[in-house]
Amino acid sequence: MAKRGKADAAVAEAPEATLTVEQLAYETGMSVRNIRNHQSRGLLPPPEVRARIGYYGPEHVARLRLIQEMQAEGFKLSAISRLIGEHGSDADRFVGLRQAVTAPFATEAPEVLTREELIERFKVEDDRLLAKAQKLGLLIDLGDENYEAPSPALLRAAEDVTGMGIDLGAALGTIEKLNRNSQAAARTFVNLFVEELWKPFDEAGRPDDGWEELIGAIGRLRPLAVDALNATFRLTLTAEVEKAFGEVLERGQRRERGQRRERGHKKK
């Protein structure tokens, strides 16, 4: 604790570079190796060299903490490199933008289940189906035969479907298809945002007074996209159900007519 306080004091007392790479690593909780890696990627400005020793200042601490925050928000280093390398001053705003994208749907708490609980709920013990559920992201292996369900609602939907007598493998296959269709739908809305909102904002030089409006727009777009997708799906589902049952009834009627004709021929 004393060491951290000393590093904090070094940052607070002087704006100039006063930290060695080892002190910078301790201050940020990052390894020296990672710091040098970030520097080689262009993510971190070079240190101030004095007597052949590199010294780092508050701006380096702030930059590394920003990188850590962006990684925690899900940004990959390649994306961080592009954002910070080209638009360092806007990097913190990209974090806010991504939070606006992810925050509205972060309300469902994950559920942890044991293997026995999963077997009891789904009445199936099949390692292949368990592996497929993990591949689809329905379950995350926590070790010791414990599994986390990131979306308990989706897991309950799969459970309800199997409760109707539908095979679990068929249910997982349907979820896999839904995932692919959902990706296409999500990409459509993302493209809408990029083309109609982001590109004009970017071409205008990313004005400071436009960031708040842009982040607000993406925050509103997500629930609107979900509402539009739900409404479209309800209409499409109704039409498909009517079409499918119409075809089933029509086939039944054709079969009945054929049977009646066949009985008529036999009577003759």
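On a predicted model such as this, the values are computed, not experimentally measured, just so you know. (Residues numbered from 1 in each chain as written. Predicted model: local features only at pLDDT ≥ 70, side-chain atom pairs only at ≥ 80, totals over all residues. Heavy atoms only, no water.)

Visitor: Help me out: how do you make sense of the overall build of the protein in this one?
Guide: Helix and strand content of the protein: 11 helices and 5 strands. Per-residue burial over the protein gives 27% buried out of 268 residues. A separation of at least 24 residues holds for 58% of the contacts in the protein among residues at least 6 apart in sequence. Roughly 17,900 Å² of accessible area belongs to the protein as shown, and the carbon and sulfur atoms make up 54% of that amount. (Helix = DSSP H or I, 4+ residues; strand = E, 2+ residues; numbered from the N terminus. Buried < 20%, exposed > 50% of the residue type's maximum accessible area, 1.4 Å probe, protein only. Contact = heavy atoms within 4.5 Å. Areas by Shrake-Rupley, 256 points an atom, 1.4 Å probe, with all protein chains shown as cover.)

Visitor: What is the right way to look at a nonpolar patch on the surface in this model?
Guide: Where nonpolar side chains cluster on the molecular surface, the patch consists of Phe233, Leu237, Val241 and Phe245 and spans about 400 Å² of accessible area. By the secondary structure assignment, Leu237 is in helix 11 (residues 211–267). (Patch = residues over 30% accessible without salt bridge, like charges linked within 9 Å, V, L, I, M, F, W, Y side chains within 5 Å. Salt bridge = Lys/Arg side-chain N within 4 Å of Asp/Glu carboxyl O.)

Visitor: It is not clear to me how the nonpolar core should be interpreted in this structure. Could you clarify?
Guide: A general tendency of soluble globular proteins is for nonpolar side chains to be buried together. In terms of nonpolar packing, the biggest core is built from 20 residues, with Leu24, Ile35, Leu64, Ile67, Met70, Ile80 and Ile84 touching the most fellow members. With 16 residues, the next largest nonpolar core counts Leu113, Leu118, Leu155 and Ala158 among its residues. (Core = buried A, V, L, I, M, F, W, Y, C linked by side-chain atoms within 4.5 Å.)

Visitor: Teacher, can you tell me more about the packing of helix 2 (residues 21–28) against helix 3 (residues 32–40) here?
Guide: A packed helix pair is summarised by two numbers, namely the angle formed by the two axes and the spacing between the axes. Running from N to C, helix 2 and helix 3 point in directions that differ by 100°, and their axes come no closer than 9 Å. In terms of orientation, helix 2 and helix 3 fall into the roughly perpendicular class. Of the residues in helix 3, those touching helix 2 at Val21, Glu22, Leu24, Ala25 and Thr28 are Val32, Ile35 and Arg36. Classifying every residue of the contact of helix 2 with helix 3 by side-chain character gives 5 nonpolar, 1 polar and 2 charged. (Axes fitted to C-alpha atoms, helices over the stretch in contact; angles between N-to-C directions. Parallel < 35°, antiparallel > 145°, perpendicular 65-115°, else oblique. Nonpolar A, V, L, I, M, F, W, Y, C, P; charged D, E, K, R; others polar.)

Visitor: Even after reading the chapter, I still don't get unusual backbone geometry, so can you show me in this structure?
Guide: Negative phi values dominate among residues other than glycine, just as trans dominates among peptide bonds. Although it is not a glycine, Arg52 adopts a positive phi angle of roughly 65°. Mapped onto the elements, Arg52 comes out in the loop between strand 1 (48–50) and strand 2 (53–55). Take Arg52: its relative accessible area is 84%, and that puts it in the exposed class. One non-glycine residue, Lys123, lies in the positive phi region at around 55°. On the secondary structure map, Lys123 appears in the loop between helix 7 (115–122) and helix 8 (127–135).

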